[in-house]
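# Notes for the structure review
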Amino acid sequence: MNVAMDRLTVRMDPPVPGKIPAADVRKMRRLVAEDPEWSLEVVPLLTHLCLQHIVQNFAENPLLDRLLPRHRARVLEKLPPSLPLHVTANLISEERYWKKCCMERWGLCDVTTYGDSWKRMFFERHLESIIELFIPDVTDPTTVLDMVPLCKNYVKRLKISQLLPPIREPRDIEEEDGVDTASDMGDDLPSIDHFDFGILLDKLARLEELHLAYGVKGCGMNFEWNLFEFSFRDCESLGKALKSCRTLKVLRIHQSRVDDERCRLLVTHLLDHPSLSELNLSHNVIGDRGARALAKLLNRSQLKALNVYDNQIRGHGAKALASALSKNTTLLSLNLCLNCVGDEGGQAAARALLKNGTLVTLHLEANYMTEPTASALSRVFSQNTTLRSIKLCCNRLGVDGGKSLEEGMSRNSTLLECDLRLTEIAQESLCSIGQILRGNRKRLQRRQTPEPSSE
Amino acid sequence: MSGTEPGPTDESAFPSLESGDPAERIAARRNRRAARTEAKRRQEQGDPGENLEVQAEVRRSLKQVELSKQRLLKLQTDGLELVSNIQVAGDTFESQRRSELREACRLRLQKMEEEVKASQEKFEEVSRRWRTTAELQIPQELSHAVNTQIELCSSIVQDKNTLINELHQELKSSDERYVKDRKRQAEMVELMVVRMEEQIKSLIKAYREELQEIESSFDEEQTCLLEGNLRRWEELLKGQHDKELEAAQERMRRKEEFGSLLQRHRVEGTEQFNDVKEQLETTMQGQQQQLEQNKATFQLNQEKLEYSLQQLKRQDKESSVIKSQQKRQIIRLQDTLNKLKMECTNQEKEKQKVKQMLSENYRQVTQQVRDRQRKMRHFSAVDARHYEEVWRMNEKEIHALVGRALDLDRIIHQQLLGLDWTPPDTPITQHVEPITSRSHTASSALQMAALVLKGEGRESAALETGGGGGVPVKTMKSVLEMLCDEAGFLVERKLSALLAPLEEEERRLVKLNSIFTALGIEHEDEVLQLAEFLTKFPEAEDPGPLHPGDVLPALRVFTARRRSARVPAGRDAAATVPQRHAPCWENMADIISQSKLATWNALEKALLKYHSVLQERSRLLAETRKVQQQNTELRMLLHQYTDSKVNAEPAFSSK
């Protein structure tokens, strides 16, 4: 707009409607001759006033698309972060506004973990907080469902760190194992279940990552076992929800006391999932049967990473996983850390690695493995050329086991990392293995000289 | 001003140029200046040999980067190991605890099973005893038994209680241990956090150091490069200055030169201008005068023209009258013309017919003439051949006759008279040319021309054959050459085109040949005649060299004369030849001279006499021979008669 015209119109009309003209007579005048410091500059432009008005009434009348780009930028700059989401969610894509919202709500934030998108960060965290504070049978599910149309285009990842159980009468609080009671009593105790993801997951069209923890954060001395209960019905509903969510890539259910039965139930729903590539079930209580189910899942999905850190898988479960691994061509990373695989499982895994040509990373820490596993793994070292990293800490491999590993390593040229801390291996073997690893790493670096090593 | 305010400069390490305080601004400027001089000094000190090190510097910086990268990588891995050590330890603890827990659980279960077994045994014993006690009748015994039972039961209960107590104890201890573990884990987490923080700090520090190192190396390198480049820049600048100075001097010099040149040109220009101006002024005056004259003549002419215009107008009127009259006359004449035209066309048609008829006649006549000519030619050729043949025959005959006469003469002389015979002095075998062989002479005409043209002196022959035409060879040559040049139209065009590549001499010769054939000159004499004619052509004037322009009329006259002269000449040829050859024939006839003839006559007479004598003698000889023969025959008859035995009878019989 022409600035001169603006000024003219300003002079014609009172600048702010509603103000009593008599209150400031000078604003009515076109020139104020007696004031030497008066200048046209102090008169606000009409555009500015209009924009100010738009900002003030944005909640009722959101005008943005019809503004000129520079005016739009000015409006966005001045919009308060407290505007209702149903107005702003699908209207404003300006990152600065959402940054303001995030900063206002959570203070210092790291946007890099959200793909450098403040809007995504805002909606993900907003939805997470809604779900984390959702109390079944108390909170209205519409609070969640109302958010869905606003945030379904922006939410890619949900990190639910707690799920509140329903509030129960004091008489219901029992010390017994909740699983049986829940499944036995059925309708008598409907309130044991947590938030039902079935109503949400199939609507979030862009969801790729889901992190769940069936538990309560910071319960302190109010600890009760049933606060950390992952009920069978929860499992059922979650499984169905996961099946309906076709875009999911990463699923993480940790610290939720997932046992064999629940694991099997989840796996039956996850079989042949079109996009799932990473499954993390760390810090649960999965045993051999659950491991067998996971082994089945391995060859009926596109899983690239499986993490069963800190579970109770024993030799049989490890064998099942190993036999699946020997036929698998997709899995890149397997974490069996802190289980009780033992030599039986370790040797099975080693045999599987002789056949497998895709696995890159293998974690076998703290698995009660001893010398036989070490000698089996030495064969793997000398024959397998795809494995890059293996971790064998906290296993009593012993001096002889260390020697056989050293021997195997002497014929290897591809392994880059081999963690052998606290394995009771002799210092000389450790030194020589470390040297070979360094040599391998240097060779790789030399091969990739154009691009700097990103280790 | 200089040292008055050390305070503000010390206080703010970097006095800003944008500062509000003027004193600070001054200080800032001073600092900047000092830094510049310092940098310059440093540069001057560290100047020599640094250019050579640039390459090495580059390498050093890259090496520095590589080194830093390696060091940071090592630091990172070390730090990671340090931090993850705690996790590994925690895992170990956890797995140990679990195994211990499992072991304890196993022990506990074992213990409990043993306990169960023991208590079961005791219970069975108690229950067994109940049966025995039930049979007891004596109260004391019964009470005793009951007491023992109670004891046993209490022992069982006590066992259980101790077990429970133990379990409680264990629970408590495990609770304590849990708390301890929790504490330890918390400590470990804290330691981990501390280590992580330390690591982060050290890494930050290391990164900073390395960054500084890299920066300093790059700075060094940059300063080196900068200095080198600056030096080169200055050198180049100096060179440029020198060049520019030279160029400026050159320019000045040339400017002066051009100035003087310009001055000269200007002076010359003005002079020229003045000259031209004067000239132009004079011409202008002349032209003005001419203009005046022209004007006067123009006026005169105008008057004249006006007068003539009036005249013309009058004439025009008259002529229009005349024109109308004439038009009428024209119409009349047109009519007559049309009539005449009609007549004319009629007549023309008639004439055409007549003409056609005449031309037909003419064609027939010409055809006849041509036929006659052809016949005549044919007959003449045939006659000539006949003539020649007759000639040859006669010649041969006469030759034979002469030969025979001579032979006879010789024989007569040698054999009859016994005299020495001398052959006659005229050649007997002289060949008499027939009149028709004229090609020989024609070629000799060309030959003569060739010889003349070659300049060979056959002057005598030319003069000899020229028949008194005293034309020297040089004149001949010039005449022939002129003829060749001027009478080129007589040569066929194609021939001249063909002759182009030949030599001058030959070309001339061939041209002359064709000219001669065109003029009908065939004989050497005719050539000479022509030459003579040409040299003497301008009959009135003195016989100088012939003008080329006169060649054509001369030729025309010559050919006309020849044409008139040719017909009798052709007829004379045949008549003159026998006259020419008559002495020859006479010669032939007189081959035997009169004296010889007289001798011959005398000899004839004598010989005739001798002949008659000889005839007599031969008759007598023949008579004698006949008599002798009769004699011999008679003798033979006689002899036969006498000699035969049977003379009588046979004699009679034979008779």
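Residues numbered from 1 in each chain as written. Chains lettered and ligands numbered in written order. Predicted model: local features only at pLDDT ≥ 70, side-chain atom pairs only at ≥ 80, totals over all residues. Heavy atoms only, no water.

### Some thoughts on the overall build of chain B
- On a plain count of helices and strands, chain B comes out with 13 helices and zero strands.
- Secondary structure elements of chain B occur, N-terminal to C-terminal, as α-α-α-α-α-α-α-α-α-α-α-α-α.
- In chain B, which comprises 655 residues, the share counted as buried stands at 18%.
- A fraction of 76% describes how many contacts in chain B between residues 6 or more apart in sequence connect residues 24 or more apart.
- Element-wise, carbon and sulfur atoms account for 57% of the exposed surface of chain B, whose accessible area totals about 51000 Å². (Helix = DSSP H or I, 4+ residues; strand = E, 2+ residues; numbered from the N terminus. Buried < 20%, exposed > 50% of the residue type's maximum accessible area, 1.4 Å probe, protein only. Contact = heavy atoms within 4.5 Å. Areas by Shrake-Rupley, 256 points an atom, 1.4 Å probe, with all protein chains shown as cover.)

### A word on the overall build of chain A
- In terms of regular secondary structure, chain A is built from 17 helices and nine strands.
- Counting all 455 residues of chain A, 49% fall into the buried class.
- Working note: accessible area of chain A is about 22900 Å², and carbon and sulfur atoms make up 52% of it.

### Some words on a nonpolar patch on the surface
Residue and element names in this part refer to chain B.
- A cluster of nonpolar residues, Leu416, Leu607, Tyr610 and Leu614, forms a patch on the protein surface that exposes about 350 Å² of accessible area.
- Tracing the chain through its elements places Leu614 in helix α12 (residues 594-643).
- With relative accessibility at 32%, the residue Leu614 sits in the partly exposed group. (Patch = residues over 30% accessible without salt bridge, like charges linked within 9 Å, V, L, I, M, F, W, Y side chains within 5 Å. Salt bridge = Lys/Arg side-chain N within 4 Å of Asp/Glu carboxyl O.)

### Topic: the packing of aromatic side chains
- Following the criterion strictly, the structure yields twelve aromatic pairs over all chains and no others.
- Note on A:Phe134 and A:Phe195: the rings are 4.7 Å apart at their centroids and 70 degrees apart in plane angle, and the pair reads as edge-to-face. Here A:Phe134 is found in the loop between α7 (118-132) and α8 (141-151), whereas its partner A:Phe195 is found in the loop between α9 (178-185) and β2 (209-212), with 61 residues between them in sequence. Both residues of the pair, A:Phe134 and A:Phe195, count as buried.
- A network of ring pairs unites the aromatic residues A:Tyr97, A:Trp98, A:Trp106, A:Phe122, A:Phe123 and A:Tyr154 as a single cluster.
- Directly above the ring of A:Trp106 sits A:Arg125, whose terminal nitrogen or CZ lies 4.5 Å from the centroid.
- Across from the ring centre of B:Phe93, 3.8 Å away, lies the NZ or CZ of B:Arg184, which sits over that ring. (Phe/Tyr/Trp six-rings, centres within 6.5 Å; stacked < 30°, edge-to-face > 60°. Lys NZ or Arg CZ within 6 Å of the ring centre and 35° of its normal.)

### A short note on helix α15 (residues 371-383) of chain A
All names here are of chain A.
- When the terminal C-alpha atoms of α15 are compared, their 19 Å separation across 13 residues agrees well with the 18 Å that a helix rising 1.5 Å per residue should span.
- Inspection of α15 places Thr373, Ala374, Ala376, Leu377, Ser378, Val380 and Phe381 among the buried residues, and these make up the whole buried set.
- Elements that come into contact with the buried residues of α15 comprise α14 (342-355), β8 (389-391), α16 (398-410) and β9 (417-419). (Expected span 1.5 Å × (residues − 1).)

### Focus on the interface of chain B and chain A
- Taken together, the contact between chain B and chain A spans 17 residues of the former and 17 residues of the latter.
- In this assembly, chain B packs against chain A so that about 1300 Å² is buried in total across both faces, 51% of it on carbon and sulfur atoms.
- Between chain B and chain A we count one salt bridge in total.
- The residue A:Asp310 makes a salt bridge to B:Arg98 at a minimum N-O spacing of 2.5 Å.
- The tally of links between chain B and chain A comes to six residue pairs in polar contact (both at pLDDT 80 or more). (Buried area = accessible area lost by both parts, 1.4 Å probe. Polar contact = N/O pair within 3.5 Å; in protein donor to acceptor, adjacent residues only side chain to side chain.)

### Section: unusual backbone geometry
Residues and elements named next belong to chain A.
- One non-glycine residue, Tyr368, lies in the positive phi region at around 55 degrees.
- Residue position: Tyr368 is located in the loop between β7 (361-363) and α15.
- For Cys394, which is not glycine, the phi dihedral falls at a positive 60 degrees.

### Observations concerning the pairing of β2(A)
All names here are of chain A.
- Pairing of strand β1 (residues 157-159) with β2, which is carried by three bridges, proceeds in the parallel orientation. By the bridge assignment, Arg157 is partnered in β2 with Glu209.
- The pairing of β2 with strand β3 (residues 250-253) spans four bridges and is parallel. Directly across from Leu210, in β3, lies its bridge partner Leu251.
- What joins β2 to β3 is helix α10 (residues 232-244), and the crossover it makes is right-handed. (Pairing = 2+ DSSP bridges. Right-handed = clockwise from strand over helix to strand, strands pointing away.)

### Focus on the packing of helix α12 (residues 288-298) of chain A against helix α13 (residues 315-327) of chain A
All names here are of chain A.
- It is the contact of α12 with α13, at a shortest axis distance of 8 Å, that shows an interaxial angle of 5 degrees. Between α12 and α13, the angle falls in the class roughly parallel. Contacts between α12 and α13 involve Asp288, Ala291, Arg292, Leu294, Ala295 and Leu298 from the first element and Gly315, His316, Gly317, Ala320, Leu321 and Ala324 from the second.
- Among the residues making up the contact of α12 with α13, the classes are represented as seven nonpolar, three polar and two charged. (Axes fitted to C-alpha atoms, helices over the stretch in contact; angles between N-to-C directions. Parallel < 35°, antiparallel > 145°, perpendicular 65-115°, else oblique. Nonpolar A, V, L, I, M, F, W, Y, C, P; charged D, E, K, R; others polar.)

### Quick look at the nonpolar core
Residue and element names in this part refer to chain A.
- Counting 111 residues, the largest nonpolar core has Phe123, Leu158, Phe197, Leu294 and Leu405 as its most contacted members.
- Considering every element that reaches this core, the biggest residue donor is α7, with seven residues.
- Sequence-distant contacts of Phe197, defined by excluding residues within four places in its chain, comprise Ile131, Ile160, Leu163, Leu212, Tyr214, Leu238 and Ala241. (Core = buried A, V, L, I, M, F, W, Y, C linked by side-chain atoms within 4.5 Å.)

### A short note on the pairing of β3(A)
Residue and element names in this part refer to chain A.
- Where β3 and strand β4 (residues 278-280) come together, three bridges link them in parallel fashion. Across the sheet, Arg252 pairs through a bridge with Asn280, a residue of β4.
- A crossover connection joins β3 to the parallel β4 through helix α11 (residues 260-270); in handedness this β-α-β unit is right-handed.

### Some words on a negative patch on the surface
Residue and element names in this part refer to chain B.
- Taken together, Glu268, Glu271, Asp275, Glu278 and Glu281 make up a surface patch of like negative charges.
- For Glu278, the position within the fold is in helix α4 (residues 139-417).
- Overall, Glu278 belongs to the exposed group, its relative accessible area being 53%. (Lys, Arg positive; Asp, Glu negative; His and termini not counted. Charge placed at Lys NZ, Arg CZ, Asp CG, Glu CD.)

### Digging into the environment of B:Ile398
All names here are of chain B.
- Here Ile398 shows up in helix α4.
- Given a relative accessible area of 22%, Ile398 falls into the partly exposed group.
- Once the C-alpha coordinates of Ile398 and Trp585 are considered, the two residues, 187 residues apart in sequence, prove to be 8.9 Å apart.
- Excluding its chain neighbours within four sequence positions, the residues that come into contact with Ile398 are Trp585 and Met588.

### Quick word on the sheet that holds β4(A)
All names here are of chain A.
- Taken together, nine strands build an open sheet; the order of strands is β1-β2-β3-β4-β5-β6-β7-β8-β9 and the sheet is parallel. Each edge of the sheet is formed by a strand with only one pairing partner; in this case those strands are β1 and β9. Pairwise comparison of adjacent strand axes, ignoring direction, gives a mean angle of 5 degrees for this sheet.

### Remarks on helix α6 (residues 95-106) of chain A
All names here are of chain A.
- The first and last C-alpha atoms of α6 sit 16 Å apart over twelve residues, in line with the 16 Å expected at 1.5 Å per residue.
- By the burial criterion, the buried members of α6 are Tyr97, Trp98, Cys101 and Cys102. The arc that holds every buried residue of α6, seen down its axis, measures 135 degrees, which confines them to one face.
- On the buried face of α6, the contacting elements are α4 (69-78), α5 (85-88) and α7.
- With its phi angle positive at about 70 degrees, Gly107 sits one or two positions after the end of α6. (Arc of directions from axis to C-beta.)

### Some thoughts on the pattern of salt bridges
- Enumeration according to the criterion identifies 35 salt bridges over all chains in this entry.
- Of the charged contacts, one joins B:Arg71 and B:Glu210 as a salt bridge, the two residues approaching to 2.1 Å between their closest N and O atoms. Of this pair, B:Arg71 sits in helix α3 (residues 50-135) while B:Glu210 is found in helix α4, placing the two residues 139 residues apart along the sequence.
- The shortest N-O distance in the salt bridge between B:Glu103 and B:Arg106 comes to 2.2 Å. Within this pair, B:Glu103 and its partner B:Arg106 are both found in helix α3, separated by three residues, close to a single helical turn.
- Linked through salt bridges whose partners overlap, the residues forming this network are A:Asp310, B:Glu94, B:Arg97 and B:Arg98.

### Remarks on a positive patch on the surface
- Residues A:Arg388, A:Arg438, A:Lys442, A:Arg443, A:Arg446 and A:Arg447 make up a contiguous surface patch of positive charge.
- Mapped onto the elements of the fold, A:Arg388 is located in the loop between α15 and β8.

### Considering the confidence of the model for chain A
- Averaged over chain A, the pLDDT score is 83; the fraction of residues at 70 or greater is 86%.
- A low-confidence stretch, residues 171-190 of chain A (pLDDT under 50), is modelled with 13 contacts involving residues beyond four sequence positions or located in other chains. (pLDDT = per-residue confidence, 0-100.)

### Here we look at the side chain of A:Ser404
- One can find A:Ser404 in helix α16.
- Under the relative-accessibility criterion, A:Ser404 is labelled buried at 15%.

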